[in-house]
Amino acid sequence: MSAEFGGRTGRQGKISQWLRGRRPKEAVGDDGREALLLAAAGAGLPLAPAAYPAPGYGCSCDRVGCPTPARHPVSFAWQTQSTTDRGQIERWARHQPQANFITATGMVHDVLDVPLEVGREALDRLLASGIEVGPVAESGDGRLLFFTLTRGTPEEEDEWWPCQLDCHPETMDEHPGLRWHCRGSYVLVPPSRLPGDDQPVHWVRGLEHPLPDPLTLLEVLTDACARYVGEPDHATSGWPSRR
């Protein structure tokens, strides 16, 4: 496992240098939206347009009774569409001024996604313990998103190791506690909006913080989730293991 992380140190080092040297508010315009999106892309987070809140069913898509209003990509090809290209993101942002944006996980970064109350407690514990915590976003639907380095997508598929906590868009309801967004998943990236009044997705800790190894956060997050749901066995049952 450490060898896999070590094999990506060159790329990760460049990302970390960019993260330390830039802050999302450097080029803020009228509302800062485009600058925040470009900062995320500049940090290596691949982006794609997503639906946004709208009257009626709460989603800009044409699906009646959309189950995830304003939380899903616009295109079914979001995995291949996701990009860090500055020009493309500027075009999307300007031509789709209301659109939310998702970031595809499992390419450069993963996201450990926990209930808000759990996440706040865990964040306090992590910082008090001196553990390096990277960017953290808060979602208006009551979740805290910890951005980390990815477990990767090795050339040899058999080298990739699954985890019981892996979360994909179609399995969100199966993971009410800790969700691990990696390959094949995504999360909304700030600044996004959810249906309802004052339900933004915003940074709690910005992109200037380097992405940490997810395993350095996992124990504290699983422990907090286990105590939150009152099921102590969950604290270890979701630990990743090799095939």
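Residues numbered from 1 in each chain as written. Predicted model: local features only at pLDDT ≥ 70, side-chain atom pairs only at ≥ 80, totals over all residues. Heavy atoms only, no water.

Enquirer: Can you lay out the pairing of strand S2 (residues 100-104) for me, pointing to particular residues and giving the numbers?
Expert: A regular strand carries its side chains on alternate faces of the sheet. With five of its five residues buried, S2 lies for the most part within the structure. As judged from the four bridges shared by strand S1 (residues 47-50) and S2, these two strands associate in the antiparallel manner. Pairing of Pro 49 across the sheet is with Phe 101, part of S2. Pairing geometry for S2 and strand S8 (residues 186-189), over four bridges, is antiparallel. Paired with Ile 102 across the strands is Leu 188, a residue of S8. (Buried < 20%, exposed > 50% of the residue type's maximum accessible area, 1.4 Å probe, protein only. Helix = DSSP H or I, 4+ residues; strand = E, 2+ residues; numbered from the N terminus. Pairing = 2+ DSSP bridges.)

Enquirer: Got a sec to walk through the nonpolar core? Specific residues and values, please.
Expert: One finds Leu 37, Leu 47, Ile 89, Phe 101, Phe 147, Val 189 and Trp 203 to be the most contacted residues of the largest nonpolar core, which totals 23 residues. Those elements that provide at least two residues to this core are helix H3 (33-42), helix H5 (86-95), strand S5 (143-149) and S8. The element that contributes the greatest number of residues to this core is H3, accounting for six residues. Leu 116, Val 133, Leu 178 and Leu 217 belong to the second-largest nonpolar core, a separate cluster that totals 20 residues. (Core = buried A, V, L, I, M, F, W, Y, C linked by side-chain atoms within 4.5 Å.)

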